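# Structure at a glance
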Amino acid sequence: MPGRIRQYFRDRKEDVQDYAGGSSVIGKLILAVVGVYLLVAVVLGMYWSSEPDTFSVREHTRSVANAMEREPITGFATTVTMIRIAETLLEKPGGYLSNDIFPPGVWLDNIPNWEYGVLVQLRDLSRAMRRDIARSQSQSAEDPDLVIAEPQFHFDSESWAIPSTEAEYRRGIEALKRYLNRLSAPEQANAQFFARADNLNSWLADLETRLGSLSRNLGESVGKASVSDAVANVEEGNPLAEETGANEVQTPWTKVDDVFYEARGSAWALLHIFRAIEVDFRKVLQDKNAMASLKQIIIELEGTQGEMWSPVILNGSGFGVLANHSLTMAAYLSRANAAISDMRDLLSRG
């Protein structure tokens, strides 16, 4: 048996040598280049898989305002935060990875899912800016630069070329910069930012459904009964009848990390957006006694960005021995969503 094993590996070695051109220098050079390329790709992949750090919204707002020699008026913090979030997508280690077609980017899936989570929040806020926040009423004209920015961020997130996703998103960033310049220009402030309770409430309503969906998807890591099946199996005419079981919905183990990193990316973007809202909507939040709810949201979102000590996303059962990172993330997002619901209630009061 040992002789057969040695012969097997000897044959495989000869096959590799034949494929690479025998013992020729060119064949060995090709193998060396391929080996070095794969090694570099693995190292780069590990580096590119690191998530961007959080940043101070107030400090960044002051820095941009000083560089532009402008006063950070209402709306300045939210706009520069949107720009910083979009630029982070394109300029973090490895750049934008969701549309990569070559190693190591094509091998990675955690950061592309993180990018998608960030992108969803950027798209929702840009739509709210165009639809509500930059308009005084429903019959007002839309801001011309926000008309450009909003659809640019809705461009296909996986387009590699002709046109590339990065090029389209940069057009959106440039449109936001033009809006910021017009908003803060003392001589021609022809852009508007209405920090009203109804505008904020409208965006929060959309966000509430987003976070509810994310929490549900995270909870399905351990399997959940289908609500639609459970409702369909209820006998309307007999309230005492035993309900038939609903089908269990569970995230495939290969997708658990994808859902987790999408939620983590969404939470990263929302953390900075809410910090900017604390600056720009401060007066209305204080008038509505909603500042405590906002602080609670920020605290919960900060919890979602805790250091990841595990090299993989653990998926233990709900009360099992191993941790379940998805359920931990779901708990933070659910508490943040509850605070958003309280905040909406306060904002809707007269």
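Residues numbered from 1 in each chain as written. Predicted model: local features only at pLDDT ≥ 70, side-chain atom pairs only at ≥ 80, totals over all residues. Heavy atoms only, no water.

### As for the overall build of the protein chain
This is how the line gets drawn: Strands here are runs of E lasting at least two residues and helices are runs of H or I lasting at least four, both read from the DSSP assignment and numbered beginning at the N terminus. Categorising residues by exposure relies on relative accessible area from a 1.4 Å probe, with only protein chains included: less than 20% of the type maximum marks a residue as buried, more than 50% marks it as exposed, and the intermediate range marks it as partly exposed. Here, Shrake-Rupley sampling with a 1.4 Å probe gives the accessible areas, and only protein chains in the shown set may cover a residue.
Tallying secondary structure elements over the protein chain gives 13 helices and two strands in all. Across the 350 residues of the protein chain, 44% fall into the buried class. With the model as given, the accessible surface of the protein chain reaches about 18900 Å², and the carbon-plus-sulfur share is 55%.

### A word on helix α8 (residues 197-219)
In plain terms, the rule: In this scheme, a helix's expected span is set at 1.5 Å multiplied by one less than its residue total.
Helix length check: α8 (23 residues) gives 32 Å between terminal C-alpha atoms against 33 Å at 1.5 Å per residue, within 8%. Listing the buried residues of α8 in full gives Ala197, Asn199, Leu200, Asn201, Trp203, Leu204, Leu207, Leu211, Leu214, Ser215, Leu218 and Gly219.

### Regarding the packing of aromatic side chains
Applied cut-off: Whether two aromatic rings pair depends on their centres lying within 6.5 Å, for rings of Phe, Tyr and Trp, where Trp uses its six-membered ring; planes under 30 degrees apart make the pair stacked, over 60 edge-to-face, and the rest tilted. As a reminder, the over-ring test applies to NZ of lysine and CZ of arginine, requiring each to be within 6 Å of the ring centre and within 35 degrees of the ring normal.
Enumeration according to the criterion identifies eight aromatic pairs in this entry. A centroid spacing of 5.8 Å and a plane angle of 85° characterise the contact between Tyr96 and Tyr169, whose relative ring orientation is edge-to-face. Highlighted residues: Tyr96 in the loop between α4 (76-91) and α5 (110-133) and Tyr169 in helix α7 (residues 165-184), separated in sequence by 73 residues. Using a relative accessible area of 4% as the deciding quantity, one classes Tyr96 as buried. Judged by relative accessible area, Tyr169 falls into the buried class, the value being 2%. Arranged with centres 6.3 Å apart and planes meeting at 75°, the rings of Phe102 and Trp160 form a pair that is edge-to-face. Residue Phe102 is located in the loop between α4 and α5, and its partner Trp160 is located in the loop between α6 (144-153) and α7; the two are separated by 58 residues in the primary sequence. The class for Phe102 is exposed, based on a relative accessible area of 53%. Stacked on the ring of Phe55, the Lys or Arg Arg84 has its end atom at 4.2 Å from the ring centre.

### Structural notes on empty space enclosed by the protein
As a reminder of what qualifies: Throughout, the protein atoms alone are placed on a 1 Å grid, and a set of points is a cavity if a 1.4 Å probe fits but cannot get out or a pocket if it is open with protein on both sides within 12 Å along at least five of seven lines; lining residues have an atom within 4 Å of a point. Grid points are joined across faces, edges and corners, and a volume is the space filled by probe spheres set on the points. Amino acids are sorted into nonpolar (Ala, Val, Leu, Ile, Met, Phe, Trp, Tyr, Cys and Pro), charged (Asp, Glu, Lys and Arg) and polar (every other residue, Gly among them).
The final tally for this structure, using the stated rule, is one cavity of 30 Å³ or more. Its boundaries defined by the atoms lining it, the largest cavity holds a volume of some 40 Å³. Among the elements of the structure, α5 and α8 are those that each provide at least two residues to the lining of the largest cavity. For the lining of the largest cavity, the residue count by class is seven nonpolar, one polar and no charged.

### Some words on the layout of surface pockets
Any empty space left between the atoms is revealed when a probe the size of a water molecule rolls over them. Of the voids in this model, the largest pocket is the one considered here, and its volume is about 450 Å³. Along the wall of the largest pocket there are 18 residues; nearest its centre are Ser50, Glu51, Arg264, Glu307 and Met308. Within the lining of the largest pocket, the residues separate by chemical class into seven nonpolar, seven polar and four charged.

### Some remarks on the packing of α5 against α8
Which entries qualify depends on this criterion: Structural elements are reduced to axes, namely lines fitted to C-alpha atoms, with helices fitted over the stretch in contact, and the angle between N-to-C directions of any two is expressed from 0 to 180 degrees. For classification, angles of less than 35 degrees are called roughly parallel, those exceeding 145 degrees roughly antiparallel, those between 65 and 115 degrees roughly perpendicular, and all remaining angles oblique. Take the far helix as your reference; a near helix turned counterclockwise from it by less than a right angle gives a left-handed crossing, and one turned clockwise gives a right-handed crossing. Throughout, a residue-residue contact means that at least one pair of heavy atoms, one from each residue, lies within 4.5 Å.
Orientation of α5 relative to α8, taken along the N-to-C sense of each, is 150°, at an axis distance of 10 Å. The pairing of α5 with α8 is recorded here as roughly antiparallel in orientation. The element α5 and its partner α8 pack so that their crossing is right-handed. When α5 is examined against α8, the residues Val120, Gln121, Asp124, Leu125, Arg127, Ala128, Arg131, Asp132 and Ile133 are found in contact with a partner set consisting of Asn199, Ser202, Trp203, Asp206, Leu207 and Arg210.

### A closer look at the nonpolar core
Convention followed: Throughout, nonpolar core names a set of buried Ala, Val, Leu, Ile, Met, Phe, Trp, Tyr and Cys residues whose side chains join them through atoms within 4.5 Å.
Of all hydrophobic cores here, the largest spans 76 residues; its most connected members are Trp203, Phe274 and Leu285. Counting residues per element, this core draws most heavily on helix α10 (residues 256-280), which supplies 14 residues. With residues near it in sequence (within four places) discarded, Phe274 still touches Trp203, Leu204, Leu207, Leu294, Ile297, Ile298, Leu301 and Ile340.

### Some words on the side chain of Ser98
To keep it simple, the criterion reads: Contacts described as polar in this section are N or O atom pairs within 3.5 Å, which, within protein, must combine one atom able to donate a hydrogen with one able to accept it, while residues neighboring in sequence count only if both atoms come from side chains.
Following the sequence through the fold, Ser98 ends up in the loop between α4 and α5. Judged by relative accessible area, which is 18%, Ser98 ranks as buried. For Ser98, the side chain forms a polar contact with the main-chain oxygen of Pro112, separated by 3.5 Å. Within the local environment of Ser98, its side chain forms a polar contact with the side chain of Glu115, the two groups lying 2.6 Å apart. Setting aside residues no more than four positions away along its own chain, Ser98 makes contact with Pro112, Glu115, Ser157 and Glu158.

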